[in-house]
Amino acid sequence: MSTHDRGSTRENDVLDVAQPAPVPPPRRWVGRRVPVALLIPAALGLAFLVLPMAGLLIRAPWSTLPQRLAAPGVLTALRLSLLTATVATIVCVVLGVPLAWVLARVDFPGRRVVRALVTVPLVLPPVVGGVALLLVFGRRGLVGRWLDETFGITLPFTTTGVVIAEAFVAMPFLVIAVEGALRGADERYEEAAATLGAGRWTTFRRVTLPLVAPGVAAGAVLCWARALGEFGATITFAGNFPGRTQTMPLAVYLALEKDLDSAIVLSLILLAVSVTILASLRDRWINTP
Amino acid sequence: MRRGWARTALAALAAVTALVGVSGCGTDGSPQTTASSAGVTGAVTVFAASSLTDSFTQIGKDFEVANPGTHVTFNFAGSSALAQQINQGAPADVFASASPATMKQVTDAGNGDGDSMTFVKNQLVIAVPKGNPDRVVGLADLAKPGVKVALCAEQVPCGAAAKKALDAAGVALTPVTLEQDVRAALSKVKLGEVDAALVYRSDARSAAADVEGVEFPESAQAINDYLVIVLKEAPNKAAAQAFVAYVLSQRGRSVLTQAGFQAP
């Protein structure tokens, strides 16, 4: 499709930009053999990623699985994990998409520094991230002291604290994915909208956002997965108390102290639930052929 | 220059070969070394409970001085995690655990060489911020409303001991968090996030700049034995035995008692 077709002022046409081409050309594998130089490392890479999971599956205590699934605390931890990861993802989308837009579209001094700062939680060991959060949002922290004295709110050891820890660690994944999508998106659509009289906010809402929707979805999925598996920052900032701050990764860690089999079962539950959710979302939202 | 490069490469190769040779002799338990502690050499890898971090680091240094040619490396972590690592084949010479239960995981799996020995005991204290602002004098004070308490999770030794002590005192309290190890519980007191935590006396002493340890009588009901053992698959068994002997010796014990541990 050429940009000429997009000249129409009809809103639907503009939104169509985000849709993939209606009929993808049929793939022909005959005569297009995959080069060995790519195939072998690809196979090795896949094996490397999948084998540890196979290890869990092989070692799993299948005979006692039902009892272990019904053990008290398992469902509570799972529910808490899904809830906090989802809320953390929403927080990340609400704050992270605008941040990514600023980084990709606004030229300001120090942008490279800000971009590097955004990735700090990625390189910071999560436990250090948790300590840093305590120093800011803890009872004696920079912001936390004020929250405690003014409103009587303390964040550590609460479910809100879990969400904060997860959002802190997971947000860079969303920002980086969305910023990449924004930089890859064709800015001419935004310029066209501007020439047709749309303000920057309208352009963002009506043109940019639909254009990068797949990028936002991919970023949100990454963000959610990272939040779901979060351990270090959570246990450091939010502590560990069943029903309130004990998420699945924390339950797995503590189960590991006593009983390897329980830890494996808990890990498999978390894996199964997250893979199921991600696979179904992928089919519905991200129409990758 | 081509020849220059070749010479450098050869020299480097020779150096590497020499190094590998030396460390090889050290770690494969060469036949001439016997069980006697005299003349042991090579690397000793010690897996030790995290509460031993400060004192074992000191003991390791002393041991290296007393036995020239030895090199002690430590892997400090929670006893249970260490037991798992050893049972999954981690190459360790010595295991020092903070509880008989975790030591039993290793001996039950047949990974110990000989019997484990109790080398120190540790007792719980109530860690409170310096100055004891809440005036905590016993376990009952921890159950007061508004007092935030961190305990260790029951799965780890300090949590099991805390449960015993609280049961003995007949005190029921709801902690704000069940920490994964004793140092994590202690750091919550240091950071001021909780008002008190039940930790070992040795841990409270290690943080004496920020934390006070309040003794309480019921801790006598929950004394933790620390055990040490030479591992069956130890790559350097002679040096491992010498290290264990050193820990049990008067000199090793004095380092430990200074750190707040009790002699068994």
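Definitions and cut-offs
- Each chain carries its own residue numbering, running from 1 in the written order of its sequence.
- To read the labels, note that chains go from A and ligands from 1, taken in the order they are written.
- Where local features are concerned, this predicted model is filtered to residues with pLDDT of at least 70; where side-chain atom pairs are given and counted, the filter is 80 or more; whole-chain, interface and lining totals use all residues.
- The contact criterion used here is simple: two residues whose C-beta atoms, placed from the backbone, lie within 7 Å are in contact.
- Nonpolar residues are Ala, Val, Leu, Ile, Met, Phe, Trp, Tyr, Cys and Pro. Charged residues are Asp, Glu, Lys and Arg, and all others, Gly as well, are polar.
- Secondary structure follows DSSP: runs of H or I at least 4 residues long count as helices, runs of E at least 2 residues long count as strands, and numbering of each begins at the N terminus.
- Exposed residues have 12 or fewer other C-beta atoms within 10 Å of their own C-beta, buried residues have 20 or more, and partly exposed residues fall in between, where C-beta atoms are placed from the backbone.
- How far each domain reaches was decided by an automatic or database domain assignment.
- A pair of strands is treated as paired once DSSP finds two or more bridges between them.
- Axis lines are fitted through C-alpha atoms, for helices just across the contact stretch, and the angle between N-to-C directions can take any value from 0 to 180 degrees.

Colleague: So what's going on with the interface of chain A and chain B? Which residues, and what values?
Modeller: Contacts between the two partners involve 16 residues from chain A and, on the opposite side, 14 residues from chain B. When its residues are assigned to classes, the side of chain A that touches chain B shows nine nonpolar, three polar and four charged.

Colleague: An account of the environment of B:Phe47 is requested, with residue identities and associated values reported.
Modeller: Residues and elements named next belong to chain B. Structurally, phenylalanine 47 can be placed in strand E1 (residues 42–49). When the C-alpha positions of phenylalanine 47 and phenylalanine 76 are compared, they lie 6.1 Å apart, and in sequence the two are 29 residues distant. Contact partners of phenylalanine 47, with chain neighbours within four places excluded, come to Asn75, Leu82, Gln85, Ile86, Ala92, Val94 and Phe95.

Colleague: Any chance you could break down the environment of B:Val46 for me, citing the residues and the numbers?
Modeller: All names here are of chain B. Structurally, valine 46 is set in strand E1. The class of valine 46 is buried, set by 24 C-beta atoms lying within 10 Å. Aside from chain neighbours lying at most four places away, what touches valine 46 is Phe56, Val72, Phe74, Asp93, Val94, Ala96 and Phe243.

Colleague: Before we move on, could you go through the domain arrangement of chain B and cite the residues and values that matter?
Modeller: Residues and elements named next belong to chain B. Looking at chain B, the domain boundaries give domain 1 (39–121 + 225–258) and domain 2 (124–222). The gap between the C-alpha centroids of domain 1 and domain 2 is 27 Å. Listed per partner, the contact involves nine residues of domain 1 and nine residues of domain 2. Of the residues in the side of domain 1 that touches domain 2, the class split is one nonpolar, seven polar and one charged.

Colleague: Explain unusual backbone geometry to me, and be specific about the residues and the numbers.
Modeller: With a phi angle near 65°, A:Phe157 is a residue other than glycine that sits in the positive phi range. Here A:Phe157 falls in the buried class, since 24 other C-beta atoms lie within 10 Å of it. Even without glycine at this site, B:Arg135 takes up a positive phi of about 50°. Structurally, B:Arg135 is set in the loop between strand E5 (124–129) and strand E6 (149–152).

Colleague: Now, about the sheet that holds strand E7 (residues 177–179) of chain B: what can you tell me, with residues and values included?
Modeller: All names here are of chain B. The sheet built from five strands is open, its strands ordered E7-E6-E8-E5-E9 with mixed pairing. Pairing within the sheet leaves two strands with one partner each, and these edge strands are E7 and strand E9 (211–214). Pairwise comparison of adjacent strand axes, ignoring direction, gives a mean angle of 35° for this sheet. Bridge analysis of E5 against strand E8 (residues 196–200) gives four bridges, and the strand direction is antiparallel. Note on E8: the bridge partner recorded for isoleucine 126 is leucine 198. In the packing of helix H6 (residues 182–190) onto the sheet, the strands contacted are E5, E6, E7, E8 and E9, and the crossing angle to E8 comes to about 140°.

Colleague: Let's hear about the pairing of E6(B): which residues, and what values?
Modeller: Residues and elements named next belong to chain B. Burial along E6 is two-sided: the face carrying Val149 and Leu151 and the face carrying Ala150 and Cys152 are both buried. Of the strand pairs in this sheet, E6 and E8 are connected by two bridges, and their pairing is parallel. From the neighbouring strand, valine 149 faces E8, where its bridge partner is alanine 196. One ladder, built from three bridges, connects E6 with E7; its direction is parallel.

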